[in-house]
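As a plain string of letters, each chain reads:
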Amino acid sequence: MTTATEQQIALIGAGPSGLAGARCLQKHGVPFQGFEAHSEVGGLWNIGNPRSTVYASAHLISSKRMTEFSEFPMPDHVADYPSHRELLDYFRAFAERFGLNAHFRFNTRVLQVAPESAAPDTLWRVTTQTGDDAPVTARYKGVVVANGTLAEPSVPRFEGHFNGEIWHTARYKSATQLAGKRVLIVGAGNSGCDIAVDAVHHARSIDISVRRGYYFVPKYVFGKPADSVGGKIRLPPWLKQRIDSTILKWFTGDPVRFGFPKPNYRMYESHPVVNSLILYHIGHGDVGVRADVQRLDGDTVHFKDGSARDYDLILTATGYKLHYPFLDHALLNWQGMAPRLYLNIFAPGFDRLAVLGMVEASGLGWQGRYEQAELVARYFKGLDDGAPPAAALKALKSAGPGRWPDLSGGYRYLQLERMAYYVNKDAYRKAVREAAQALG
């Protein structure tokens, strides 16, 4: 028997967060219909997906045991830091194991999501298009947005004119694209450093332009994945920052001696760079460190320290913007650089509008997203059943940020666009788990 759409949740996306959402809604008996623009699952980690921004050499920067879904561990033969190919196999196997593919309409784009009224329990009109078919609109009980956070490039503007090419890293797929070119990478985050390490074997020259200092974490410490070492003892933020930054220097040295600025923030106040090879290649002269870009002039890039150099390609590793083009920003309580949501999940003005995956934290992993989905499923189920704990959560999320838990864990995160929805892993998972447990 087919459930009427008015009794279903519309779930948008079949990447890691979407699959977590599908699994938890399924597990708790909440009817839903999934939509995925690509032909199969995997999201970002499916390099064949036109919206995927991974490249041929992409691997996890967190280890598999700290990233996997707890109820579906990765096989032992999978590498400590799996490639995108291994991860796509993992997500395919996860979807197959729990029969999730049957819940999705693939090759189907969501064009618009709009409430029928301003009432908290409103139905939602969802307009979709499958392939080249005519758009179709249906009414749904609620909406869960899980279309990812790393697909819409954040593109900087530069003063002046450049004769060469300017790409965002979203366009980068293989180091062979850089063969013979003088390349400037703008930004030394994880993608920028990964690509620089790739490019040394193909490009004529590689420089990285940076505007701030970074903390560099090796992938292995004492022969084990770095994120699996320590962490069992809870320390005050100021003490953990001091101890860990000191230990880090034992393994990596001081990046300032390689030309990086001294960080004007403490460790963990911005996402660290997890890369064992970038400092190695800088130390060998394969990669140069440059100051922030001041202006462009023909083939020449002028830097703010007064230096200049000629390039053929500028590759901007400047991150991504949150992108929910089918949904009015006001519906998500968008404030400044990101939506302001209860637990980074629930829109305060509506009973059944939730976002999965709009959260970043060092070490959160996909299990952290799964726990988000578990909370959403329990809450929706509780609303359907008229359960008092669901009514209590509804009241709390509607009360506004002044009543919401502090998710910072005591850290003062940098006020950057990519940090606008950053949380402390321990504080966040504790808050989400407690909220889920309260729902029974």
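In the block above lies the structure referred to throughout.
## With respect to the pattern of salt bridges
Here is step 1: Throughout the structure, instances matching the rule amount to 26 salt bridges.
Here is step 2: A salt bridge links Asp-384 to Lys-141, with the nearest nitrogen and oxygen atoms 2.9 Å apart. Highlighted residues: Asp-384 in helix H6 (residues 365-385) and Lys-141 in the loop between strand S6 (136-140) and strand S7 (142-145), separated in sequence by 243 residues.
Here is step 3: If you follow the salt bridges from partner to partner, you end up with Glu-6, Glu-116, Arg-125 and Arg-139 in one network.

## Details of the sheet that holds strand S5 (residues 124-130)
Here is step 1: Here 3 strands make up an open sheet; going across it, the order is S4-S5-S6 and the pairing antiparallel. Either end of the sheet is taken by a strand with one partner, and the two such strands are strand S4 (108-115) and S6. In this sheet, adjacent strand axes meet at a mean angle of 25° when their direction is disregarded.
Here is step 2: When S5 meets S6, the two strands line up antiparallel, connected through 5 bridges. Residue Thr-128 lies in a different strand from S6, and its bridge partner there is Val-136.

## Here we look at the pairing of S5
Along any regular strand, the residues point their side chains to alternate faces of the sheet.
Here is step 1: Across the 7 residues that make up S5, a large majority, 5, are buried.
Here is step 2: For S4 and S5, the ladder comprises 7 bridges, and the chain directions are antiparallel. Bridge pairing in S5 places Arg-109 opposite Gln-129.
Here is step 3: Between the end of S5 and the start of S6, which pair antiparallel, lie 5 residues, with Gly-131 showing a positive phi angle near 55°.

## Points about the packing of aromatic side chains
Here is step 1: Within this structure, the stated rule accounts for 32 aromatic pairs.
Here is step 2: What links up through ring pairs into an aromatic cluster is the set Trp-45, Phe-69, Phe-72, Tyr-90, Phe-91, Phe-94, Phe-98, Trp-366 and Tyr-370.
Here is step 3: Lys-219 extends its terminal NZ or CZ atom over the ring of Tyr-81, reaching a point 4.7 Å from the ring centre.
Here is step 4: Of note, Arg-257 hangs over the ring of Phe-258, and the distance from its end group to the ring centre comes to 4.9 Å.

## Here we look at the environment of Ile-9
Here is step 1: Inspection of the secondary structure puts Ile-9 in strand S1 (residues 9-12).
Here is step 2: Overall, Ile-9 belongs to the buried group, its relative accessible area being 2%.
Here is step 3: Residues Ile-9 and Pro-135, 126 residues apart in the sequence, show an inter-C-alpha distance of 19 Å.
Here is step 4: The contacts of Ile-9, once residues within four sequence positions are left out, are Leu-25, Val-30, Pro-31, Phe-32, Gln-33, Tyr-140, Lys-141, Gly-142, Val-143, Val-144, Arg-352 and Phe-380.

## Remarks on the sheet that holds strand S9 (residues 160-162)
Here is step 1: On the basis of which strands lie adjacent, the open sheet formed by 4 strands has the order S9-S18-S19-S20 and mixed pairing. Each edge of the open sheet is held by one strand with a lone partner, namely S9 and strand S20 (308-310). Direction aside, the axes of adjacent strands within the sheet are offset by 35° on average.
Here is step 2: Relative to strand S18 (residues 293-298), S9 runs parallel, the two being bridged by 3 bridges. Looking across to S18, one finds that His-161 is bridged to Asp-297.

## Brief notes about helix H7 (residues 388-398)
Here is step 1: For H7, the complete set of buried residues consists of Ala-390, Leu-393 and Lys-397. The buried side chains of H7 occupy one side of the element, clustering within an arc of 60° when seen end-on.
Here is step 2: Phi for Gly-400, located one or two positions after H7, is positive at around 100°.

## Focus on the nonpolar core
Here is step 1: Within the largest apolar cluster, 89 residues are counted, with the highest numbers of intra-cluster contacts made by Phe-260, Ile-278, Leu-375 and Phe-380.
Here is step 2: Here this core gets 9 residues from one element, more than from any other, and that element is H6.
Here is step 3: Once you skip the residues sitting within four places of it in the chain, Ile-278 turns out to touch Cys-193, Ala-196, Val-197, Ile-208, Phe-216 and Val-287.
Here is step 4: Listed in part, the 26 residues of the second largest apolar core include Val-126, Val-143, Phe-326 and Leu-353.

## As for the packing of H6 against helix H8 (residues 425-438)
Here is step 1: One way to put it is that H6 packs onto H8 with a least axis distance of 9 Å and a crossing angle of 25°. With respect to H8, the element H6 is oriented roughly parallel. As H6 runs across H8, the sense of the crossing is left-handed. Across from Gln-367, Gly-368, Glu-371, Gln-372, Leu-375 and Arg-378 in H6, the residues of H8 making contact are Tyr-428, Arg-429, Val-432, Arg-433, Ala-435, Ala-436 and Gln-437.
Here is step 2: In terms of residue class, the contact of H6 with H8 is made up of 5 nonpolar, 4 polar and 4 charged.

Calculation rules
- Residues numbered from 1 in each chain as written.
- Predicted model: local features only at pLDDT ≥ 70, side-chain atom pairs only at ≥ 80, totals over all residues.
- Heavy atoms only, no water.
- Salt bridge = Lys/Arg side-chain N within 4 Å of Asp/Glu carboxyl O.
- Helix = DSSP H or I, 4+ residues; strand = E, 2+ residues; numbered from the N terminus.
- Pairing = 2+ DSSP bridges.
- Axes fitted to C-alpha atoms, helices over the stretch in contact; angles between N-to-C directions.
- Buried < 20%, exposed > 50% of the residue type's maximum accessible area, 1.4 Å probe, protein only.
- Phe/Tyr/Trp six-rings, centres within 6.5 Å; stacked < 30°, edge-to-face > 60°.
- Lys NZ or Arg CZ within 6 Å of the ring centre and 35° of its normal.
- Contact = heavy atoms within 4.5 Å.
- Arc of directions from axis to C-beta.
- Core = buried A, V, L, I, M, F, W, Y, C linked by side-chain atoms within 4.5 Å.
- Parallel < 35°, antiparallel > 145°, perpendicular 65-115°, else oblique.
- Left-handed = near helix turned anticlockwise from the far one by under 90°.
- Nonpolar A, V, L, I, M, F, W, Y, C, P; charged D, E, K, R; others polar.

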